[in-house]
Amino acid sequence: ETGVTQSPTHLIKTRGQQVTLRCSSQSGHNTVSWYQQALGQGPQFIFQYYREEENGRGNFPPRFSGLQFPNYSSELNVNALELDDSALYLCASSRNQEVNTGELFFGEGSRLTVL
Amino acid sequence: DQQVKQNSPSLSVQEGRISILNCDYTNSMFDYFLWYKKYPAEGPTFLISISSIKDKNEDGRFTVFLNKSAKHLSLHIVPSQPGDSAVYFCAASQNTDKLIFGTGTRLQVFP
C-alpha cells in the first residue's frame, strides 16, 4: 500500500510569486484535503477535493486554489505569495464514506518559505 | 475564534509514568474527536478517536476520555515511553473529514 507523497519537500519563493505543490493520495483513497500549518500552530483546513470537485473550503482567500486529477492526485496553487504564506503545507487523503470518522492519512508536507 | 484549544504547549513526563494531554472545545455539534501524533519532518499520524456518543475509548496504552458537559477531552498514555515524545494534536469534526485542530502539545518522555 503506497502512502501519501508530496513534492517538493522544501522550496523558497519571493513575495508575489506563484507556487504549485503536488500530492499523490494513498491507494484506494478518493478524497484529498490540504492543510496549512504555520509555525507553532495546528494544521488549518484549506480545502478538500472529491471526484475532481472542490468539496468544502476553509477560511482562505481565492488565491489559494486546487485541482484533483482522475487518479485522485492533487495540486495546491498559491498565487501572489505573501510572507504569511510561509508554512508547512500538508496533504491528507481519505475514503469518502457515509460516516466520516475524521481519520486522515497525511503526507510529510511541503515546507514553503516566502522571502 | 479557536474552536479547539490545547492550553498546554508542552509536557514533560518520566518514562513509565502516565502522560495526560488535555483539549477543550467550544462547538457542541462536533461528533468525532481525534488525536494525532507528529514527529519532526513527518506528517501527523492518526492515533485514536472517540465518537461523541461515548465517553471513553481505549487502544493499548492510549485512552481518550470525553466529558461533553465540560466540552473537554483528554488523552492518557500509560506507561509513557521515550518513543512517545512528539507533538500531539487534538482535532474535532462534524460528520466530515474536514478537521479542526488544536495548536498541539509537545510531549517529552525522559528516562
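Rules behind the numbers
Residues numbered from 1 in each chain as written. Chains lettered and ligands numbered in written order. Predicted model: local features only at pLDDT ≥ 70, side-chain atom pairs only at ≥ 80, totals over all residues. Heavy atoms only, no water. Patch = residues over 30% accessible without salt bridge, like charges linked within 9 Å, V, L, I, M, F, W, Y side chains within 5 Å. Areas by Shrake-Rupley, 256 points an atom, 1.4 Å probe, with all protein chains shown as cover. Salt bridge = Lys/Arg side-chain N within 4 Å of Asp/Glu carboxyl O. Helix = DSSP H or I, 4+ residues; strand = E, 2+ residues; numbered from the N terminus. Buried < 20%, exposed > 50% of the residue type's maximum accessible area, 1.4 Å probe, protein only. Pairing = 2+ DSSP bridges. Axes fitted to C-alpha atoms, helices over the stretch in contact; angles between N-to-C directions.

Caption draft 1: Region of interest: a nonpolar patch on the surface. All names here are of chain B. Together, I18, I20 and V78 make up a nonpolar patch on the protein surface, roughly 220 Å² of accessible area in all. Within the secondary structure, I18 is located in the loop between β2 (10–14) and β3 (19–25). For I18, a relative accessible area of 40% gives the class partly exposed.

Caption draft 2: Here's a closer look at the sheet that holds strand β3 (residues 19–24) of chain A. Residues and elements named next belong to chain A. Read from one edge of the open sheet, 4 strands run β1-β3-β8-β7, paired in antiparallel fashion. Sheet topology places β1 (5–7) and β7 (64–68) at the edges, where each strand pairs with a single neighbour. Within this sheet the neighbouring strands show an average axis-to-axis angle of 20°, counted without direction. Inspection of the sheet shows β1 paired to β3 by 3 bridges, in the antiparallel sense. Bridge pairing in β3 links Q6 to C23.

Caption draft 3: Geometry of the pairing of β3(A). Here β3(A) runs beside strand β8 (residues 74–78) of chain A; their pairing, made up of 5 bridges, is antiparallel. The partner of A:V19 across the bridge, within β8(A), is A:V78.

Caption draft 4: Structural detail: unusual backbone geometry. Across the junction of A:S7 and A:P8, the peptide omega takes the value -10°, indicating a cis bond. The topology assignment puts A:P8 in the loop between β1 and β2 (10–13). Residue B:P79 follows B:V78 across a cis peptide bond; omega there is -10°. Locating B:P79 in the fold gives a position in the loop between β8 (72–77) and β9 (86–93). One non-glycine residue, A:R51, adopts positive backbone phi at about 50°. Within the element layout of this structure, A:R51 appears in the loop between β5 (44–50) and β6 (53–57). Judged by its relative accessible area of 61%, A:R51 is exposed. Despite not being glycine, B:K71 has its phi angle at roughly 50°, a positive value. Within the secondary structure, B:K71 is located in the loop between β7 (62–67) and β8. Its relative accessible area of 27% is what places B:K71 among the partly exposed residues.

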